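# What the coordinates show
Residue-level listing of the chains:
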Amino acid sequence: MNAETAPPKTPYELLGGQQVIQQVVDRFYDLMDSDPQYAPLRRIHAADLAPMRHSLAGWLSAWAGGPRDWFDENPGKCMMSAHRGLGVSREFAAQWADAMARAIADVAPPDKALAREMALRLDTMAKAMVVD
Ligand code: HEM
């Protein structure tokens, strides 16, 4: 396949694939676990974050156009509906989006514009989860 017929690269590929997504997720939960400003958000998560490190990385991979294993493992599951029962406040959404933006900036995927766009879209999504 030459360059003219090759399909455009997905955001997943441009970001650096599974390795970079997992690095972002690990940094995100490390920040949530260690920075006191995220303590309220940390408290509503389970003590063991290992399942979340797996699940969020799987969801983000599929979201960015990569492997869709997460959706195969969670048929019909909608991220927005799954969060409705959590009573996401503005403060929780801001803490989530802030930790995620920091994690992305710290990992620093090579495509800087796409990395910024990723943080922006996830911020929009976190705000859309607010129920107050
Ligand atoms: C773009 C925004 C967000 C995304 C993509 C996201 C993604 C996820 C994913 C993939 C899961 C795991 C679901 C599963 O495996 O069944 C999850 C669970 C969870 N999320 Fe979010 N989330 C977002 C925003 C938020 C916000 C703003 C809060 C704040 C309240 C939050 C709190 C939680 C909690 C408490 C859980 C359950 C964790 C546990 O059982 O330990 N999330 N989220």
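Anything mentioned here points back to the structure above.
The notes below deal with the structure included here. (Residues numbered from 1 in each chain as written. Predicted model: local features only at pLDDT ≥ 70, side-chain atom pairs only at ≥ 80, totals over all residues. Heavy atoms only, no water.)

Another aspect to go through is the site of the ligand. Close contacts around the ligand come from 20 residues, with Ala46, Ser55, Lys77, His83 and Trp96 the closest. In the environment of the ligand, an oxygen atom lies 2.4 Å from a nitrogen or oxygen atom belonging to the side chain of Lys77. A total of four residues in the shell around the ligand trace back to one element, the largest contributor, which is helix H4 (residues 50-63). Classifying every residue of the shell around the ligand by side-chain character gives 16 nonpolar, three polar and one charged. (Near = heavy atom within 4 Å. Polar contact = N/O pair within 3.5 Å; in protein donor to acceptor, adjacent residues only side chain to side chain. Helix = DSSP H or I, 4+ residues; strand = E, 2+ residues; numbered from the N terminus. Nonpolar A, V, L, I, M, F, W, Y, C, P; charged D, E, K, R; others polar.)

A separate point is the nonpolar core. Among the nonpolar cores identified, the biggest contains 38 residues, and Phe28, Leu56, Leu60, Trp96 and Met100 are the most heavily contacted of them. When contributions to this core are tallied by element, the ones reaching two or more residues are helix H1 (11-15), helix H2 (17-34), H4, helix H7 (90-107) and helix H8 (112-128). Among all residues touching Leu60, those that are not within four sequence positions of it are Ile21, Val25, Met100, Met118 and Leu122. (Core = buried A, V, L, I, M, F, W, Y, C linked by side-chain atoms within 4.5 Å. Buried < 20%, exposed > 50% of the residue type's maximum accessible area, 1.4 Å probe, protein only. Contact = heavy atoms within 4.5 Å.)

Once that is clear, we can look at the coordination of the iron atom of the ligand. Protein coordination of the iron atom of the ligand is limited to a single donor, His83 (NE2), which sits 2.0 Å from the metal. Within the secondary structure, His83 is located in helix H6 (residues 79-84). (Donors = N, O, S within 2.8 Å, 3.2 Å for Na, K, Ca; no water.)

Any two side chains of opposite charge can pair, given that their charged atoms come close. Taken as a whole and assessed by the stated rule, the structure comprises seven salt bridges. The shortest N-O distance in the salt bridge between Arg53 and Asp30 comes to 2.8 Å. Highlighted residues: Arg53 in helix H4 and Asp30 in helix H2, separated in sequence by 23 residues. Taking the shortest distance from any N to any O, the salt bridge between Glu117 and Arg121 comes out at 2.8 Å. Residue Glu117 and its partner Arg121 are located together in helix H8, separated by four residues, close to a single helical turn. Under the relative-accessibility criterion, Arg121 is labelled exposed at 51%. Through salt bridges with shared partners, one network takes in Asp26, Asp30 and Arg53. (Salt bridge = Lys/Arg side-chain N within 4 Å of Asp/Glu carboxyl O.)

This part covers the packing of aromatic side chains. Tallying each qualifying case throughout the model produces four aromatic pairs. Ring geometry for Trp70 against Phe71: centres 5.0 Å apart, planes inclined by 75°, an arrangement best described as edge-to-face. For Phe71, a relative accessible area of 26% translates into the label partly exposed. Taken together, the aromatic side chains of Phe28, Tyr29 and Trp96 make up a single cluster linked through ring pairs. Sitting above the plane of the Phe71 ring, Arg68 keeps its charged end 4.8 Å from the centroid. (Phe/Tyr/Trp six-rings, centres within 6.5 Å; stacked < 30°, edge-to-face > 60°. Lys NZ or Arg CZ within 6 Å of the ring centre and 35° of its normal.)

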